[in-house]
Amino acid sequence: MAVVENVGMRDSGGATLAGEVRGKPRGLWSDAWRRLRRNRAATAGVIYIALICLLAIAAPLIAPYNPNYASATAQPNTPPIWSAGHDPRYLLGTDELARDELSRLIFGARVSMAVGIVPIVIITAVGLLVGVTAGWSGGWVDTVLMRLVDAVYAFPAFLFFIVLATVLRDTGFGRLLGGLVMLFTAFAIVGWTDMSRLVRSQVLTVKTRDYIEAAQAMGAPTSRIILKHVLPNSLAPVIVAIAFGVPSYILAEASLSFLGLGVQATVPSWGSMVFDGFPAILGQPEFVIMPSLLIAFIMLAFTFLGDGVRDALDPQAIE
């Protein structure tokens, strides 16, 4: 009798355990999140990005000086603390105008993160609108929108940035937020084409699925079908594109600032700091190396995150 009871307990426990293992089936997003957390490079990228965002937000509290303050008692181009002849008041030295280099690096994180995030938000919104409209409507609407995309895509993006920055830099619009609004506009005008093509291709694939046809047969309104079925099932490659798009705009801002066409001189930016330190690169290369490393690290972090998101959202990923 005891043996039977033990077997029954084992059977019952096994059934309970199997039920717990089976549980509620995981969806695409929960599985993707679990795989993303196991990716060490992507996790490190997320941690670094979060730290830079916190640094940017808390810059006024962390920075020892105003980034544009030039002390009358400080010498210009003083070396960092690890070099001979440094000023102990300025850990990373001062630039050619005797401004604290550390404070400018801290405040420069604000520009890089804003230039990376704000344009990609605008681009994603426009790309989703155009891509979904073209892919779902089809016919002449699709043709007209895609020809518009082709026309914008054919124009060299970086050349457009340079022309717009040159023409509008000294205008009232070009001075808004120290030139950031001009950069947001320039990046958004020509950056939405790839996103719209990607979204359109996804919508064309999803709208032929059986569950879309079933929803239409049941009389569901078009807006509900798009919001509840089409968009959620088209977002995986869009999220990957966003993760890879952010570092490209950070690099574009740094390149424009290096050419002297980025933000205004009163706004500290890592790219403008490379531009300011370049004339003295042979004598004091650290003033070029420090902001360059920060640009490289934030781009690398977003690249790791993009790779991790792409692998996590891969439907054929094998555990």
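Since the model is a prediction, treat every value here as computed from it, not as a measurement. (Residues numbered from 1 in each chain as written. Predicted model: local features only at pLDDT ≥ 70, side-chain atom pairs only at ≥ 80, totals over all residues. Heavy atoms only, no water.)

Considering the overall build of the protein chain
Of the regular secondary structure elements, the protein chain holds 14 helices and zero strands. Listed N to C, the secondary structure of the protein chain is α-α-α-α-α-α-α-α-α-α-α-α-α-α in terms of helices and strands. Here the protein chain holds 319 residues, and 41% of them are scored as buried. Across the protein chain, the fraction of contacts at a sequence separation of at least 24, relative to all contacts at a separation of at least 6, is 74%. (Helix = DSSP H or I, 4+ residues; strand = E, 2+ residues; numbered from the N terminus. Buried < 20%, exposed > 50% of the residue type's maximum accessible area, 1.4 Å probe, protein only. Contact = heavy atoms within 4.5 Å.)

Quick word on the nonpolar core
Counting residues in each nonpolar core, the largest one holds 68 residues, and the members touching the most others are F161, F187, W270, I298 and F302. It is helix α9 (residues 180-206) that contributes the most residues to this core, 13 residues altogether. If sequence neighbours within four positions are ignored, F302 has contacts with I49, M113, A243, V246, P247 and I250. (Core = buried A, V, L, I, M, F, W, Y, C linked by side-chain atoms within 4.5 Å.)

Looking at the layout of surface pockets
In this model, the largest pocket occupies a volume close to 320 Å³. Around the largest pocket sit 18 residues that line it, and V190, G191, D194, M195 and Y249 are the ones nearest its centre. Residue assignment for the lining of the largest pocket shows that the elements contributing at least two residues are α5 (101-137), α6 (139-154), α7 (157-168), α9 and α12 (235-258). Top element by residues in the lining of the largest pocket is α9. It accounts for six residues. Split by residue class, the lining of the largest pocket holds 13 nonpolar, four polar and one charged. (1 Å grid on protein atoms, 1.4 Å probe; cavity = no way out; pocket = protein on both sides within 12 Å on 5 of 7 lines; lining within 4 Å. Points joined across faces, edges and corners; volume = space filled by probe spheres on them. Nonpolar A, V, L, I, M, F, W, Y, C, P; charged D, E, K, R; others polar.)

Remarks on the packing of helix α3 (residues 40-57) against helix α14 (residues 286-312)
Contact geometry of α3 with α14 gives a least axis separation of 8 Å together with a crossing angle of 135°. In terms of axis orientation, α3 runs oblique to α14. Where α3 crosses over α14, the handedness of that crossing is left-handed. Two secondary-structure elements touch here, α3 through A41, A42, G45, V46, Y48, I49 and I52 and α14 through L294, F297, I298, A301, F302, F304, L305 and G308. The residue makeup of the contact of α3 with α14, split by class, is 13 nonpolar, two polar and no charged. (Axes fitted to C-alpha atoms, helices over the stretch in contact; angles between N-to-C directions. Parallel < 35°, antiparallel > 145°, perpendicular 65-115°, else oblique. Left-handed = near helix turned anticlockwise from the far one by under 90°.)

Quick word on the packing of aromatic side chains
Within this structure, the stated rule accounts for eight aromatic pairs. Within the aromatic cluster, the residues linked to one another by ring pairs are F158, F161, F187 and Y249. Lying over the aromatic face of Y153, R197 brings its terminal NZ or CZ to 4.5 Å of the ring centre. (Phe/Tyr/Trp six-rings, centres within 6.5 Å; stacked < 30°, edge-to-face > 60°. Lys NZ or Arg CZ within 6 Å of the ring centre and 35° of its normal.)

Here's the deal with empty space enclosed by the protein
Scanning the model with the defined rule gives one cavity of 30 Å³ or more in all. Computed from the structure, the largest cavity encloses a volume of approximately 30 Å³. Every residue along the wall of the largest cavity is listed here: Y65, N66, Y69, S71, Y90, A98, R99 and D100. Split by residue class, the lining of the largest cavity holds four nonpolar, two polar and two charged.

Concerning the environment of S272
Relative to the helices and strands, S272 resides in helix α13 (residues 270-277). Sequence separation between S272 and G262 is ten residues, and the spatial gap between their C-alpha atoms is 7.5 Å. In this structure, S272 is in contact with S257 and V267, ignoring residues within four places of it in sequence.

Considering unusual backbone geometry
Positioned with a positive phi, A98 is a non-glycine residue whose angle comes to about 65°. Mapped onto the fold, A98 is located in the loop between α4 (59-62) and α5. Residue A98 is classed as buried on the basis of its relative accessible area, which comes to 6%.

Section: a nonpolar patch on the surface
Together, F158, F258, L259, F275 and F278 give the surface a local cluster of nonpolar side chains, amounting to about 450 Å² of exposed area. The residue F258 is located in helix α12 in this model. (Patch = residues over 30% accessible without salt bridge, like charges linked within 9 Å, V, L, I, M, F, W, Y side chains within 5 Å. Areas by Shrake-Rupley, 256 points an atom, 1.4 Å probe, with all protein chains shown as cover. Salt bridge = Lys/Arg side-chain N within 4 Å of Asp/Glu carboxyl O.)

Some details on the environment of T43
Within the element layout of this structure, T43 appears in helix α3. Judged by relative accessible area, which is 30%, T43 ranks as partly exposed. Through-space distance from the C-alpha of T43 to that of L305 is 7.4 Å; in sequence the pair is 262 residues apart. T43 has contacts with L36 and R37, leaving out every residue within four places of it along the chain. From its side chain, T43 meets the backbone oxygen of R37 in a polar contact 3.4 Å long. (Polar contact = N/O pair within 3.5 Å; in protein donor to acceptor, adjacent residues only side chain to side chain.)

Concerning the packing of α12 against α14
The N-to-C vectors of α12 and α14 enclose an angle of 165°; their axes lie 8 Å apart at closest approach. As judged from the angle between their axes, α12 and α14 are roughly antiparallel. Crossing hand, α12 versus α14: left-handed. Residues I239, V240, A243, F244, V246, P247, I250, L251 and A254 of α12 form the contact with α14, whose participating residues are I295, I298, M299, F302, T303, G306, D307, V309 and R310. A breakdown of the residues in the contact of α12 with α14 according to their chemical character gives 14 nonpolar, two polar and two charged.

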